[in-house]
Amino acid sequence: MVVRHDVLVVGAGLAGMRAALAAQAAGADVAIISKVYPVRSHSNAAQGGINAALAPDDSWESHAYDTVKGSDYLGDQDAIEILAREAPQAILELEHMGVVFNRDEEGRLGSRNFGGASHARTYFVGDFTGQAILHVLYEQLVHSGIRAYNEYFCTELLRDADGAVSGVTAFDMRSGEVSAFSAGAVVLCTGGMGRVFEPSTNALICTGDGTALAYRAGTALMDMEMVQFHPTTLKSNGALISESARGEGGYLLNRDGERFMRTTAPNAMELASRDVVSRAAQVEINEGRGVDGCVLLDVRHLGAAKIMERLPQIRELALEFAGADMIDAPVPVLPGMHYEMGGIRTDVQGATPLAGLYAAGECACVSVHGGNRLGANSLLETVVFGRRAGEAAAAFARSRPAQPAPESSRADAERALRALVARGGHERSAKLRLEMGQVMTRRVGVFRDDAGLREAERTLVGLRERYADVEIQDKGTLFNQALVAALELDFMLDLARCVVAGALARTESRGAHTRVDHPRRDDATWLKHTLCLATPDGPRVDTAPVSITRWQPQERKY
Ligand SMILES: Cc1cc2nc3c(=O)[nH]c(=O)nc-3n(C[C@H](O)[C@H](O)[C@H](O)COP(=O)(O)OP(=O)(O)OC[C@H]3O[C@@H](n4cnc5c(N)ncnc54)[C@H](O)[C@@H]3O)c2cc1C
């Protein structure tokens, strides 16, 4: 089929649904495309909460400063000011839509402490905040009548004669039918790319599809080397044990029962920012003070009642996947890939330099997280910048109504997919994906150096060559998961190269990016963003200035 809408949103997580609702409220005819049912998007997995300076003794300036400091001064301060200023309104809006945030004894919205924050400003629903918000936004989406194309996999961005983005091609995963969607504006809200690493806290669907589509279309990917490793993930499967465990008062211990954060961050201790805690935990493990490649997370002193009320989901995760009941035993944890701070470079309205293309949420880099994201700022980013991108896309679409996509663009996409499925080969995409993920974790992890990064680059070049020999064994059209996996790997191989290219270029240590061969932050040379641009030979790295409004770089101490 060939369809037309004013605004097309790709991705139905929090950013996508918020963008779609905003675009519709601005008068646009909106459709949303998602490769999974909206409520299965990874936003569903967010546990800890969402930040806002709502309390009378808190201020948006304090939230903004904490975010700037957390970013190791790489975040763009104009964007961070918007994030912090608009946060209270965004939370109240969600509450009015029906999100049942936790309340304190007096019935007011109650918050919890989170890492890197100077005030308890994380609002939450138990330890399943993302799910609670996602379901409420989904109710709004259904109520709005916005057309949802669920289980459609987007494969390409369409361009008009002037080079502007004019829609997408996608196939219905249930039938294999390929469609062209034309639109006055496209908003990419396709989420993170955690699965470039193995393991990761991210769902298997987090493969950076939209990020790669934008890169291929010629937009810059910014600060891709900034990959967040969360200090507390499970060894067996990479699952996340939310920061709320430490926010509620949990300790991190080494083999000798010492709270090792005491030396690294004497004030904030376990609630220093994530890059700081992950490095400290990794040092304990590397220097032989760990337990079986892990450190220990201890919440026993909180008592069973509080654990059951505030942390029920992560208790279950630890029970099932680490065999430890938090109520009476510490849980072995280690730093694991969790979040991509970089992404599609946008302005504060979500606009990319490509006319008609917008991005918001984890796939975008606006940039509010810079070198290190503070916990609970990401859900906030999805709703604040999702709304702004939706509104801007609607305004743009009014100025440039959608032209029907030519049937030839649909037919071309169909032919390319059929050829991919039909081709023979000797490689399996799952094997390549695992090799990619493992080399990324080993060589592009918490600690990096030139030699390791170059090894990762060589491996990725080899994997790209082998990709040409991947055979998709399922030759059918119904729910062809093998085809989906191959397309996702294709996207991820491009993104992995960008992460490595950025990491090689940035010869300093800042935020989550630690170069053991360049251990200091170097503001004179590197207080700037890296940009990756696609060329036939791989990414070309450029740089861009950081926006500084009122907070000059200082040494970071927690
Ligand atoms: C385990 C976990 C816990 C977290 N906890 C917190 C927390 O407590 N607080 C916080 O602030 N942040 C947290 N985060 C981060 C935060 O949840 C995410 O950054 C955020 O939810 C991303 O939202 P999104 O809307 O950008 O993308 P997602 O929710 O990931 O949605 C992406 C959407 O894109 C669609 N899509 C992708 N590719 C395609 C394609 N090719 N075709 C069609 N559709 C496509 C998917 O179907 C999906 O609907 C957590 C992350 C994880 C993994």
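Bear in mind the structure is a predicted one, so any value in this text is a computation, not a measurement. (Residues numbered from 1 in each chain as written. Predicted model: local features only at pLDDT ≥ 70, side-chain atom pairs only at ≥ 80, totals over all residues. Heavy atoms only, no water.)

Student: Explain the nonpolar core residue by residue, including any values.
Tutor: The biggest cluster of nonpolar side chains holds 73 residues, and the ones touching the most others in it are Val186, Leu188 and Met440. If one sorts the elements of this core by residue count, helix α15 (residues 481-505) sits on top with 16 residues. Of the residues that make up this core, three or more belong to each of domain 1 (2-44 + 127-227 + 339-408) and domain 3 (409-545). Core analysis: the next-biggest nonpolar cluster, separate from the first, contains 60 residues, Leu109, Val136, Leu137 and Ala392 among them. (Core = buried A, V, L, I, M, F, W, Y, C linked by side-chain atoms within 4.5 Å. Buried < 20%, exposed > 50% of the residue type's maximum accessible area, 1.4 Å probe, protein only. Helix = DSSP H or I, 4+ residues; strand = E, 2+ residues; numbered from the N terminus. Domains from an automatic or database assignment.)

Student: Talk me through the pairing of strand β14 (residues 331-340); I want residue IDs and the actual numbers.
Tutor: With eight of ten residues buried, β14 is to be regarded as a mostly interior element. Direction of pairing for strand β11 (residues 227-233) relative to β14: antiparallel, over a ladder of five bridges. Paired with His230 across the bridge in β14 is Gly336. In the sheet, strand β13 (residues 295-298) pairs with β14 via three bridges, with the strands oriented antiparallel. Bridge pairing in β14 links Leu297 to Val331. (Pairing = 2+ DSSP bridges.)

Student: Any chance you could break down the site of the ligand for me, citing the residues and the numbers?
Tutor: As a structural note, the neighbourhood of the ligand is formed by 38 residues, with His42, Ser43, Glu362, Ser378 and Leu379 the closest of them. At 3.3 Å from an oxygen atom of the ligand is found a main-chain nitrogen or oxygen belonging to Val36. Leu379 is positioned such that a nitrogen or oxygen atom in its backbone is 2.7 Å from an oxygen atom of the ligand. Taken by itself the ligand offers 1000 Å² of open surface, and the protein chains cover 97% of this. Sorting the residues of the shell around the ligand by element identifies α1 (14-25), β2 (30-34), β7 (152-159), β14 and α11 (378-399) as the ones contributing at least two each. Tallied by class, the residues present in the shell around the ligand amount to 16 nonpolar, 18 polar and four charged. (Near = heavy atom within 4 Å. Polar contact = N/O pair within 3.5 Å; in protein donor to acceptor, adjacent residues only side chain to side chain. Areas by Shrake-Rupley, 256 points an atom, 1.4 Å probe, with all protein chains shown as cover. Nonpolar A, V, L, I, M, F, W, Y, C, P; charged D, E, K, R; others polar.)

Student: I'd like a description of the packing of helix α2 (residues 60-70) against helix α3 (residues 77-97), backed by residues and values.
Tutor: Viewed as axis vectors pointing N to C, α2 and α3 meet at an angle of 140°, and their least axial separation amounts to 8 Å. The angle between the axes of α2 and α3 places the two elements in the oblique class. Where α2 crosses over α3, the handedness of that crossing is right-handed. Facing α2, whose interface residues are Trp60, His63, Ala64, Thr67 and Val68, α3 presents Gln77, Ile80, Glu81, Ala84, Arg85 and Ala87. For the contact of α2 with α3, a count of residues per class yields six nonpolar, three polar and two charged. (Axes fitted to C-alpha atoms, helices over the stretch in contact; angles between N-to-C directions. Parallel < 35°, antiparallel > 145°, perpendicular 65-115°, else oblique. Left-handed = near helix turned anticlockwise from the far one by under 90°. Contact = heavy atoms within 4.5 Å.)

Student: With reference to specific residues and values, describe the sheet that holds strand β17 (residues 364-365).
Tutor: The strand order β17-β15-β10-β20-β21 describes an open sheet built from five strands, whose pairing is mixed. In this open sheet, the two edge strands, each paired with only one partner strand, are β17 and β21 (538-545). Note: strand β15 (residues 343-345) against β17, two bridges, orientation parallel. Residue pairing in the sheet places Ile344 in a bridge with Ala364 of β17.

Student: Now, about the sheet that holds β11: what can you tell me, with residues and values included?
Tutor: What the four strands build is an open sheet, ordered β11-β14-β13-β12; its pairing is antiparallel. Every other strand in the sheet has two partners, leaving β11 and β12 (251-253) as the edge strands with one partner each. Each adjacent strand pair in this sheet contributes to an overall mean axis angle of 45°, direction not counted. Here helix α8 (residues 274-286) sits on the sheet in contact with β11, β12, β13 and β14, set at roughly 60° to β11.

Student: Could you give me a rundown of the packing of helix α14 (residues 450-467) against α15, with the residues and numbers involved?
Tutor: Relative to each other, α14 and α15 sit at 155°, their axes nearing to 10 Å. Taken together, the axes of α14 and α15 lie roughly antiparallel to each other. Crossing of α14 over α15 shows left-handed handedness. Residues Asp450, Leu453, Arg454, Ala456, Glu457, Leu460, Val461, Leu463, Arg464 and Tyr467 of α14 pack against Ala486, Leu487, Leu489, Asp490, Leu493, Asp494, Ala496, Arg497, Val500, Ala503 and Leu504 of α15. Its residues assigned to classes, the contact of α14 with α15 shows 14 nonpolar, no polar and seven charged.

Student: For the domain arrangement of the protein chain, give the residues involved together with the corresponding values.
Tutor: The domains assigned to the protein chain are domain 1 (2-44 + 127-227 + 339-408), domain 2 (232-335) and domain 3 (409-545). Centre-to-centre, using C-alpha coordinates, domain 2 lies 31 Å away from domain 3. Contact with domain 2, which involves seven residues of that partner, is made by five residues of domain 3. Buried area between domain 2 and domain 3, both sides added, is near 420 Å², and the carbon and sulfur share of it is 73%. The largest per-residue losses of area from domain 2 upon contact with domain 3 belong to Asp275, Arg279 and Gln282, which jointly make up 76% of the total buried on that side. The interface formed by domain 2 and domain 3 contains zero salt bridges. In this structure, the connection of domain 2 to domain 3 is made through two residue pairs in polar contact (both at pLDDT 80 or more). Of all the elements, α8 adds the most residues to the side of domain 2 that touches domain 3, at six residues. (Buried area = accessible area lost by both parts, 1.4 Å probe. Salt bridge = Lys/Arg side-chain N within 4 Å of Asp/Glu carboxyl O.)

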